[in-house]
Amino acid sequence: MTTEQLRAPQDAEASIHAFDSLTKGEPAPRWLTAGILAAWGLDERTTRVALIAVSENATFLVRQGVTPTAVVRVARPGYMTGTADFESEVAWVAALASSGVARVPAGIPTVAGGFVASIADADGVSWSCVSYAYVPGSILEDIADPVPYYREIGRTTALLHDHAQAWNPPASFQRHSWELPDMVGPTSRWGRWQDAALAPAEHLLLMTAERAALDVLADSPRTPETWGLIHADLRPSNIMISDDTLTVIDFDDCGYSWFLYDFASALTFMEHVEDAPTMAAEWVAGYLEVRPITTDDARTACALSMIRRLQMLGWTTTHRSDALPQVLWDAQPSGTVEVAARYLASHTWLLD
């Protein structure tokens, strides 16, 4: 057993809530700044590291003087099983970049030559960190109307799926799978939706919708055409826009699942909004420019969207509210009830 494996149970006790005292723009803790400087060979006299956001991970902006140069992602201990998971993420991003499939940020190697730095905090707990080149522009989530970009998001997603289907990963490649129990079951990675504040009738409605969606997915095939390596979180908050050009970022959730889980992910937290069917239709129109979607695929996509909504309701029970725009955070319980009712009325309601 490796030292890294021996440390995993202890490190898993640490929590991303270690950064809860920080707000956006505040300096990183001293131990983290020192570790980043050492790992990436940065000049302490000119380098500044400040919080961007805390979500599943904590992300920090690195500036050289006043110029932003990199983003460092600090992973929650225990979320991945080892260095290979992070190195594999960077390997896929690099393969996408070299193929020209999509605009993606470049991974920045450490002075040791790899892409992962293990940085110990004041208690000796190791935090795995990766760094990507800074991408200028705005987060698509922050612009007034992201709807016109959903066709391009769908097309880009299909290109990623084509690449994943044809790509031969290195022998050391290792990423997790997004199985249904990891989304809404006992091994759910982000929290149980059942722990959200719900009235008994609402809880029963969500249970009924979950059961209906799981029944659909039980019959959904897993073939090379339907199941493979996906981004798993390709939504407006993980897309940068500059001069009308989109760059896909934040591959930390990439893993194996139904390709159409990326459809569900694109609508994350927004399935209840008035524009959701329009966004879904635009996404599908873009996807169809590259890959087919059958009637059965549409049922699978909408079932996965129902499951994703429940999964992310569970996410709100374990994450801080400023990880989302306040209006979306506040709408998650009531919006999920609304989505469940629509799903039970029509299993393809997003695409009807």
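Residues numbered from 1 in each chain as written. Predicted model: local features only at pLDDT ≥ 70, side-chain atom pairs only at ≥ 80, totals over all residues. Heavy atoms only, no water.

**Describing the layout of surface pockets**
Taken as a whole, the largest pocket holds about 1200 Å³ of empty space. Taken together, 47 residues line the largest pocket, and the ones lying closest to its centre are Ile52, Ala53, Thr59, Ile139 and Ser237. The element best represented in the lining of the largest pocket is strand 1 (residues 47-54), accounting for five residues. For the lining of the largest pocket, a count of residues per class yields 25 nonpolar, eight polar and 14 charged. (1 Å grid on protein atoms, 1.4 Å probe; cavity = no way out; pocket = protein on both sides within 12 Å on 5 of 7 lines; lining within 4 Å. Points joined across faces, edges and corners; volume = space filled by probe spheres on them. Helix = DSSP H or I, 4+ residues; strand = E, 2+ residues; numbered from the N terminus. Nonpolar A, V, L, I, M, F, W, Y, C, P; charged D, E, K, R; others polar.)

**Focus on the state of the cysteines**
What we call a disulfide is simply a covalent bond connecting the sulfur atoms of a pair of cysteines. Overall, the coordinates contain zero disulfides when judged by the stated rule. Cys129 takes part in no disulfide bond, and the closest cysteine sulfur to it belongs to Cys254, at a distance of 17 Å. Taking the relative accessible area as the measure of exposure, Cys129 reaches 0% and is therefore buried. (Disulfide = S-S within 2.5 Å. Buried < 20%, exposed > 50% of the residue type's maximum accessible area, 1.4 Å probe, protein only.)

**A few points about the sheet that holds strand 6 (residues 138-139)**
Reading across from one edge, 6-8-9 is the order of the three strands in this open sheet, with antiparallel pairing throughout. The open sheet has two edge strands with one neighbour each: strand 6 and strand 9 (245-248). Here strand 8 (residues 239-242) pairs with strand 9 via four bridges, running antiparallel. Directly across from Ile239, in strand 9, lies its bridge partner Val248. (Pairing = 2+ DSSP bridges.)

**Focus on the confidence of the model for the chain**
In this model, the chain carries a mean pLDDT of 93, and residues with pLDDT of at least 70 account for 96%. Throughout residues 1-13 the model reports pLDDT below 50, and contacts reaching past four residues in sequence, or to other chains, amount to 11 contacts. (pLDDT = per-residue confidence, 0-100. Contact = heavy atoms within 4.5 Å.)

**Let's talk about empty space enclosed by the protein**
Inspection of the entire model under this criterion finds one cavity of 30 Å³ or more. The calculated volume of the largest cavity comes to roughly 60 Å³. Glu141, Arg235, Pro236, Ser237, Thr268, Phe269, Met270 and Leu328 are the residues that line the largest cavity. Of the residues belonging to the lining of the largest cavity, the class tally is four nonpolar, two polar and two charged.

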